[in-house]
Amino acid sequence: MPHRILCVEDNPDIGKLLAERLGDAGHRCDWVTDGEAALAVLDGAADDPFDLVMLDLMLPGIDGLEVCRRLRARDARTPVLMVTAKAAIRDVVRGLEIGADDYVTKPFHLPILLARVQALLRRGQRAAPEEEQVVATAPIVLGGLVIDIDQHRVTLDGRALQLTGKEFALLTLFARHPGHSFSRGELLDRVWGKEFDGFDHTVNTHINRLRNKIEADPARPRFIQTVWGVGYRFATGEDEA
């Protein structure tokens, strides 16, 4: 089945081009030109949700960051790809902190953008409904932290956590390899994919956001610990930070 993509782009030349190329790639693409229209379309998509949102940050009226913020308040799973002319790291970081999964900057090469789209769609693929295609996976239980991979659900001391797709992927990778130290490059390759050519700072931003959700004291983490000069490792919560 074709994927359904929402493209939010106020430049008519770019918006038309993206809609045409995504259509040529076999996707169903809805194109809107401002943040207010994007939120209206997302509100009306409950019965036919989007598989990906491509979001320009610089929009008239409600900007892309606010659209992303409101989307994440009710939907932690739909991948969000920022497409922006802002190349400054602080703007990219703001988008990632709010909940975007990836980004490309203008001017962009269409093959690279389409590769990013395909990578996000693969990682955000919804599970097939047929029972015979489902293989049950036992939840990962680490003290009060429970990661239910099949339901894409995480609870901490019985309280459900709202994680984005990247946050869930990071946490699952860490929890499956407790004690293993991952470099930022390894995390980028295994969670974002080898085609991702963004900053290592992307990993730091997602780790900080994840710590804020699962750690009692993010400044002294029990679970996701920094390994100086290497990257990060996951402890069971019983180790000393």
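### Topic: the sheet that holds strand β8 (residues 153–156)
- Taken in spatial order, the four strands of this open sheet run β6-β7-β8-β9, and their pairing is antiparallel. Across the chains shown, the open sheet's two edge strands, defined by having one partner strand only, are β6 (140–142) and β9 (159–161). Adjacent strand axes in the sheet meet at a mean angle of 20°, parallel and antiparallel pairs treated alike.
- Judged from the three bridges that link them, β6 and strand β7 (residues 145–148) form a sheet pairing that is antiparallel. The residue bridging Val141 from the neighbouring strand is Val146, located in β7.
- Relative to the sheet, helix α6 (residues 165–176) contacts β6, β7 and β8, its axis offset from that of β7 by approximately 110°.

### Quick look at the environment of Ala19
- Its place among the elements puts Ala19 in helix α1 (residues 12–24).
- Counting along the chain gives ten residues from Ala19 to Cys29, while the straight-line C-alpha distance between them is 5.7 Å.
- With near-sequence residues (within four places) excluded, Ala19 lies in contact with Cys29 and Trp31.

### Comments concerning helix α5 (residues 110–123)
- Between the first and last C-alpha of α5 there are 20 Å, a value that for 14 residues agrees with the 20 Å anticipated at 1.5 Å per step.
- Within α5, burial applies to Leu110, Leu113, Leu114, Arg116, Val117, Ala119, Leu120 and Leu121.
- Buried positions along α5 lie against β1 (4–8), α1, β3 (52–56), β4 (80–84), β5 (102–105) and α6.

### Considerations on the confidence of the model for the chain
- When pLDDT is averaged across the chain, the result is 84; 87% of the residues are at 70 or more.
- Within the chain, no element has a lower average pLDDT than helix α4 (residues 89–98), which sits at 78, and none a higher one than β1, at 95.
- Low pLDDT (under 50) marks residues 126–134, which in the prediction has six contacts with non-local residues, meaning those over four places away or in another chain.

### A word on the packing of α1 against α5
- Where α1 contacts α5, the axes come no closer than 12 Å and their chain directions differ by 60°. As judged from the angle between their axes, α1 and α5 are oblique. Handedness of the α1/α5 crossing: right-handed. Taken together, the residues of α5 that come into contact with α1 (itself represented by Leu17, Leu18, Arg21 and Leu22) are Leu110, Leu113, Leu114 and Val117.
- Across the contact of α1 with α5, the residue classes tally to seven nonpolar, no polar and one charged.

So, how was this worked out
- Residues numbered from 1 in each chain as written.
- Predicted model: local features only at pLDDT ≥ 70, side-chain atom pairs only at ≥ 80, totals over all residues.
- Heavy atoms only, no water.
- Pairing = 2+ DSSP bridges.
- Helix = DSSP H or I, 4+ residues; strand = E, 2+ residues; numbered from the N terminus.
- Axes fitted to C-alpha atoms, helices over the stretch in contact; angles between N-to-C directions.
- Contact = heavy atoms within 4.5 Å.
- Expected span 1.5 Å × (residues − 1).
- Buried < 20%, exposed > 50% of the residue type's maximum accessible area, 1.4 Å probe, protein only.
- pLDDT = per-residue confidence, 0-100.
- Parallel < 35°, antiparallel > 145°, perpendicular 65-115°, else oblique.
- Left-handed = near helix turned anticlockwise from the far one by under 90°.
- Nonpolar A, V, L, I, M, F, W, Y, C, P; charged D, E, K, R; others polar.

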